[in-house]
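# Tertiary structure, described
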Amino acid sequence: MPNNIPLKNIIRKGDDNGDGWVIQLETDKGRAVYGIAVAQSSSGRTGPTWSYVFENDGFTVVDLGTPGSFDNFVDGYSQLPLNLNEIQRVIFTHGHSDHDGTAHEFSSLYKAEIWAHKTYSSLKKYKIWEIQDRESSVLQKELMRISSILISDSDKFSRWNQYSDYYANKGKTSVSKDLSNQEIFKDLQIIETPGHSPDQIVLLLDNFMFTGDHILPEITPHPTSNTIIQKKISNSLPCFLKDTSPWFGLGTYLNSLSTTMKLGNKYSILPAHRLHNKGEFNWIDQSRGLEIISHHEKRLNRIIHRLNSNSDSLEDLTRGIFEKSKLLGANIFAAMSEIVAHLEFLEECNDIKVSNSGKINVTGNGINYIKKLEQLRSV
Ligand SMILES: [Zn+2]
Ligand SMILES: [Zn+2]
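Residues numbered from 1 in each chain as written. Chains lettered and ligands numbered in written order. Predicted model: local features only at pLDDT ≥ 70, side-chain atom pairs only at ≥ 80, totals over all residues. Heavy atoms only, no water.

Attention now goes to the overall build of the protein chain. Each helix and strand in the protein chain was counted, giving 14 helices and 17 strands. Taking 2.2 N^0.38 as the reference for a compact globule, 379 residues should give roughly 21 Å; the C-alpha atoms of the protein chain span a radius of gyration of 21 Å, in line with that estimate. Along the first, second and third principal axes, the C-alpha set of the protein chain runs to 60 × 45 × 40 Å. Relative to all contacts within the protein chain whose residues are 6 or more apart in sequence, the contacts with residues 24 or more apart total 67%. Summed over all atoms, the accessible surface of the protein chain reaches about 16,600 Å², with 46% contributed by carbon and sulfur. Mean positive and mean negative side-chain charge positions of the protein chain (41 and 45 charges, respectively) differ by 4 Å. (Helix = DSSP H or I, 4+ residues; strand = E, 2+ residues; numbered from the N terminus. Rg over C-alpha atoms; globule rule 2.2 N^0.38 Å. Contact = heavy atoms within 4.5 Å. Areas by Shrake-Rupley, 256 points an atom, 1.4 Å probe, with all protein chains shown as cover. Lys, Arg positive; Asp, Glu negative; His and termini not counted. Charge placed at Lys NZ, Arg CZ, Asp CG, Glu CD.)

Okay, here's the thing in structure tokens:
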């Protein structure tokens, strides 16, 4: 819990799960920041998406909400002492549908510019799972091989299909500014924090840190796995995306957590989810970053432990580590890809070796990752 709770005023009370709250916050410089909990169109695990708005060279909005939630967005903003026409820009913390899912509706009604990290506009027209070169590593090949056996075509189809309209609209979204690391706009600073997604950024304003899904209370953000993009698409991408290793993977995510922790402990974190849940606010600071690193350390410990005691395949490990309820239908893909992200990190630390047939073995003592995490934690 941070020393200073940034809450100044509750403008509208919402539900126990966080839906519908509208609050006024205040930075250490006395600047008003409003938080609007935009309920998702269907109830999801993460709860509402928190959109924020403040004045910095005109009104700046951080994130919009999930597809189908535009009415909730407008309704929440109607409680504020500002008009949606006055918004100068919308900045996306990253390009996941629960953040930029109503960009199309917003842009068709309002003139505000859209800003996002530079990888956003380069990748926005692609479904990342379709452009990934799955032949690029044994683990990625295994992930596809096992899921094609375990996940029915109808499950796969409904999952992918659900996003078709979203991607069609997203491809057409016009981005006015491609953001880079450390850029400053008056009092607002951009920090690249890739890992949860390639385009994840956090925004610093006075003593506030808007983290999107980089750091969340209650939830451990999902890390991406390493993503090599198919050659034919990679060729048309800008230079900074030719090598995708700085943008994807658990190692990248953990590095980004280390980066945000090194900014010092003066920040109040304003996350995109779970700022309010179960009838209470969750006020957090950077120490939450340490908890997230510890979560991943525990998972890495369990993986090494299982590998040392006879588990040696991706499917085995996934079934051993996740509860059965998390492995139903197409969910097993998300669970396995999370295990792949951890195995890739262990590979990078030289703690495991994956044979061409997908058999995974611990090399040496399998403890290099512990040292690596120690380095990331030492701020
Ligand atoms: Zn996300
Ligand atoms: Zn999210």
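Moving on from the coordinates now.
Below, the discussion takes up the packing of aromatic side chains. For the structure shown, the criterion picks out 17 aromatic pairs. Aromatic side chains Phe208 and Phe210 sit 6.3 Å apart centroid to centroid with 75 degrees between the ring planes, which places their arrangement in the edge-to-face category. Taking relative accessible area as the criterion, Phe210 reaches 0% and is therefore assigned buried. Aromatic rings pair up to connect Trp50, Tyr52, Phe54, Phe208 and Phe210 into one cluster. For the cation-ring pair, Lys118 lies above Phe240, with the distance from its terminal atom to the ring centre recorded as 4.6 Å. A cation over an aromatic ring shows up here: Lys177 above the ring of Trp115, its NZ or CZ 5.3 Å from the ring centre. (Phe/Tyr/Trp six-rings, centres within 6.5 Å; stacked < 30°, edge-to-face > 60°. Buried < 20%, exposed > 50% of the residue type's maximum accessible area, 1.4 Å probe, protein only. Lys NZ or Arg CZ within 6 Å of the ring centre and 35° of its normal.)

Put simply, the ideal angle at a metal is 109.5 degrees for four donors in tetrahedral geometry and 90 or 180 degrees for six donors in octahedral geometry. Taken together, Asp98 (OD), His99 (NE2), Asp213 (OD) and His273 (NE2) make up the full set of protein donors to the zinc ion (ligand 2), lying 2.1 Å away. Around the zinc ion (ligand 2) sit 4 donor atoms, and with donor-metal-donor angles ranging over 84 to 150 degrees the site reads as irregular. Read in sequence order, the donor residues for the zinc ion (ligand 2) give the motif D-H-x113-D-x59-H. Separating the zinc ion (ligand 2) from the zinc ion (ligand 1) is a distance of 3.6 Å, and Asp213 supplies a donor atom to each of them. (Donors = N, O, S within 2.8 Å, 3.2 Å for Na, K, Ca; no water. Tetrahedral: all angles 85-135°; square planar, octahedral: opposite > 155°, others 65-115°.)

It is worth spelling out the sheet that holds strand β4 (residues 49-55) at this point. Judged by pairing direction, the sheet is mixed, and its 8 strands sit side by side in the order β1-β2-β3-β4-β5-β6-β7-β8 without closing on themselves. Looking at the sheet topology across the chains shown, the edges are occupied by β1 (7-12) and β8 (177-179). Ignoring which end each strand starts from, the neighbouring axes of this sheet average 25 degrees apart. Bridge count between strand β2 (residues 22-26) and strand β3 (residues 32-38): 5 bridges; the pairing is antiparallel. Its bridge partner lying in β3, Gln24 is registered against Tyr34. (Pairing = 2+ DSSP bridges. Axes fitted to C-alpha atoms, helices over the stretch in contact; angles between N-to-C directions.)

Surrounding the zinc ion (ligand 1) are the protein donor atoms His94 (NE2), His96 (ND1), His196 (NE2) and Asp213 (OD), at 2.1 to 2.3 Å. Taken together, the 4 donor atoms coordinating the zinc ion (ligand 1) span angles of 93 to 168 degrees at the metal, a pattern that classifies the geometry as irregular. Judged by relative accessible area, His94 falls into the buried class, the value being 0%. Exposure remark for His96: the relative accessible area of 27% places this residue in the partly exposed category.

Inspection of the secondary structure assignment puts Arg377 in helix α14 (residues 368-377). Apart from residues no more than four positions distant in its own chain, Arg377 is found in contact with Leu290, Ile293, Ser294 and Glu297. A polar atom in the side chain of Arg377 sits 2.7 Å from the side chain of Glu297. (Polar contact = N/O pair within 3.5 Å; in protein donor to acceptor, adjacent residues only side chain to side chain.)

All told, the structure shown has 15 salt bridges when counted by the stated rule. Notably, a salt bridge pairs Asp75 with Arg12, separated by 3.1 Å at the nearest N-O pair. Of this pair, Asp75 sits in helix α1 (residues 70-77) while Arg12 sits in strand β1, placing them 63 residues apart in sequence. Residue classification places Arg12 among the partly exposed residues on the basis of a relative accessible area of 21%. Close ionic contact of Glu338 with Arg299 constitutes a salt bridge, the shortest N to O distance being 3.2 Å. In this pair, Glu338 is assigned in helix α13 (residues 331-348) and Arg299 in helix α11 (residues 287-308), connecting sequence segments 39 residues apart. Assigned by exposure class, Glu338 and Arg299 land together as buried. One network of salt bridges, with partners in common, ties together Lys29, Arg31, Asp187 and Asp206. (Salt bridge = Lys/Arg side-chain N within 4 Å of Asp/Glu carboxyl O.)

A few words on the environment of His94. With respect to the element layout, His94 can be found in the loop between β6 (87-91) and α2 (97-100). Sequence separation of His94 and Gly171 is 77 residues, and the distance between their C-alpha atoms is 15 Å. With residues near it in sequence (within four places) discarded, His94 still touches Asp63, His99, His196, Ser197, Asp199, Gln200 and Asp213. Within polar-contact distance, the side chain of His94 engages the side chain of Thr93 at 3.1 Å.

Counted residue by residue, β6 has 4 buried out of 5 residues, so it is predominantly covered. Looking at chain direction, strand β5 (residues 59-62) and β6 are connected through 4 bridges and run parallel. Paired with Thr60 across the strands is Arg89, a residue of β6. You can see the chain leave β5, run along α1 and come back into β6, and the turn it takes is right-handed. Here β6 pairs with strand β7 (residues 113-117) via 3 bridges, running parallel. Following the sheet pairing, Arg89 is matched in β7 by Glu113. (Right-handed = clockwise from strand over helix to strand, strands pointing away.)

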